[in-house]
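Residue strings, one per chain:
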Amino acid sequence: MSEEIAGAAQEFERSAGRLRSGLMAVAADVAPGVQPEVEESVKERRTTHGSMGRQFKISMTLPGVPWTSAAPAVSDALGAAGWCIEGGEGASGPYVKARRDGLEAGLFRQPFGAVCLWGEAPTVWFRARWKRPPRVATPQTVMPGYRLCRMCDGWGTCIECEGLGFMDGRQCIECGLGMDCSYCRGTGQQHLDS
Ligand SMILES: [Zn+2]
Ligand SMILES: [Zn+2]
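Figured I'd write up the structure that's included with this text. (Residues numbered from 1 in each chain as written. Chains lettered and ligands numbered in written order. Predicted model: local features only at pLDDT ≥ 70, side-chain atom pairs only at ≥ 80, totals over all residues. Heavy atoms only, no water.)

### Topic: the coordination of the zinc ion (ligand 2)
Put simply, the rule is: Each metal site lists N, O and S donors within 2.8 Å (3.2 Å for Na, K and Ca). With water left out of the atoms, a site can look as if it is missing ligands. Square planar and octahedral sites, with four and six donors, are those where opposite donors lie more than 155 degrees apart and all other angles lie between 65 and 115, tetrahedral sites have four donors with every angle between 85 and 135 degrees, and the rest are irregular. Each residue's exposure class comes from its accessible area (1.4 Å probe, protein chains only) as a fraction of the maximum for that residue type: buried when under 20%, exposed when over 50%, partly exposed otherwise.
Those protein atoms acting as donors to the zinc ion (ligand 2) are Cys158 (SG), Cys161 (SG), Cys172 (SG) and Cys175 (SG), and they sit at 2.3 Å. Coordination at the zinc ion (ligand 2) is tetrahedral, judged from the four donor atoms that bind it and the angles of 103 to 113° they form at the metal. Written as a sequence motif, the donor arrangement for the zinc ion (ligand 2) is C-x2-C-x10-C-x2-C. Side by side, cysteine 172 and cysteine 175 carry an identical accessibility label, which is buried.

This is the structure in structure tokens:
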């Protein structure tokens, strides 16, 4: 019972579009006439309890643009567009970093010298946390001659993954995607003789 989050796809497209157009404008401003090499990717995130999110990332390499002019120009262009700028010196050299409304962007120098403008949108959650389905058996519904399953206490679902089938994005080792309690086979009950 994992719910699709209403409007997630629209929210994802909206923030990706906002980031893409913002960085395109900065690139055009900083390096007019230069055709950036654009690469887009989507990173998927899954949590232990079945939430699923996607994060949009974009990078634009600006060939032939020297760092010394690009860094201050990108800072100015992002600053003028309302981004909050932070500069620094990292292990791989100087960088520019900026934030606005949950979006992140920046500029760094690639090992072979080209400067690269990058951006990351916030993770948008497409599916909410897994909710364990209701118990299949309770003390009131247990059949004559049976008792509640000692392992799952009547839930019927796997005691590890609670019926999701996955743990940390991997197949559940307890039920192996079966999703049922392996002791009562999902009935939530055990025969009194067993
Ligand atoms: Zn059981
Ligand atoms: Zn399981």
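### Concerning the side chain of threonine 123
As a reminder of what qualifies: Secondary structure follows DSSP: runs of H or I at least 4 residues long count as helices, runs of E at least 2 residues long count as strands, and numbering of each begins at the N terminus. As used in this structure description, the phrase polar contact means that two N or O atoms lie within 3.5 Å; if the pair is within protein, one of them must be able to donate a hydrogen and the other to accept it, and residues adjacent in sequence are counted only when both atoms belong to side chains. Contacts: residue pairs with any heavy atoms within 4.5 Å of one another.
By secondary structure assignment, the location of threonine 123 is in the loop between β6 (115-120) and β7 (124-127). A polar contact of 3.3 Å, which involves the side chain of threonine 123, links it to the side chain of arginine 45. The residues contacting threonine 123, other than those within four sequence positions of it, are Arg45, Gly53, Arg54 and Gln55.

### Details of the nonpolar core
For clarity, the cut-off: Here, nonpolar core refers to any group of buried Ala, Val, Leu, Ile, Met, Phe, Trp, Tyr and Cys residues whose side-chain atoms link them within 4.5 Å.
Within the largest apolar cluster, 32 residues are counted, with the highest numbers of intra-cluster contacts made by Leu19, Leu23, Leu107 and Leu117. Residue assignment for this core shows that the elements contributing at least two residues are α1 (8-30), β2 (52-62), α2 (67-80), β4 (93-100), β5 (103-109), β6 and β7. Setting aside residues no more than four positions away along its own chain, leucine 107 makes contact with Trp67, Ala70, Ala71, Val74, Tyr95, Val96, Val115, Cys116, Leu117 and Trp118.

### Here we look at the coordination of the zinc ion (ligand 1)
For the zinc ion (ligand 1), the protein coordination sphere consists of Cys149 (SG), Cys152 (SG), Cys181 (SG) and Cys184 (SG), at 2.2 to 2.3 Å. Within one chain, the residues serving as donors to the zinc ion (ligand 1) are arranged as C-x2-C-x28-C-x2-C. Here cysteine 149, found in the loop between β8 (146-148) and β9 (166-167), pairs with cysteine 184, found in the loop between β10 (170-171) and β11 (189-191); they are 35 residues apart in sequence, far enough to count as distant. Residues cysteine 149 and cysteine 184 agree in their burial class; the two are buried.

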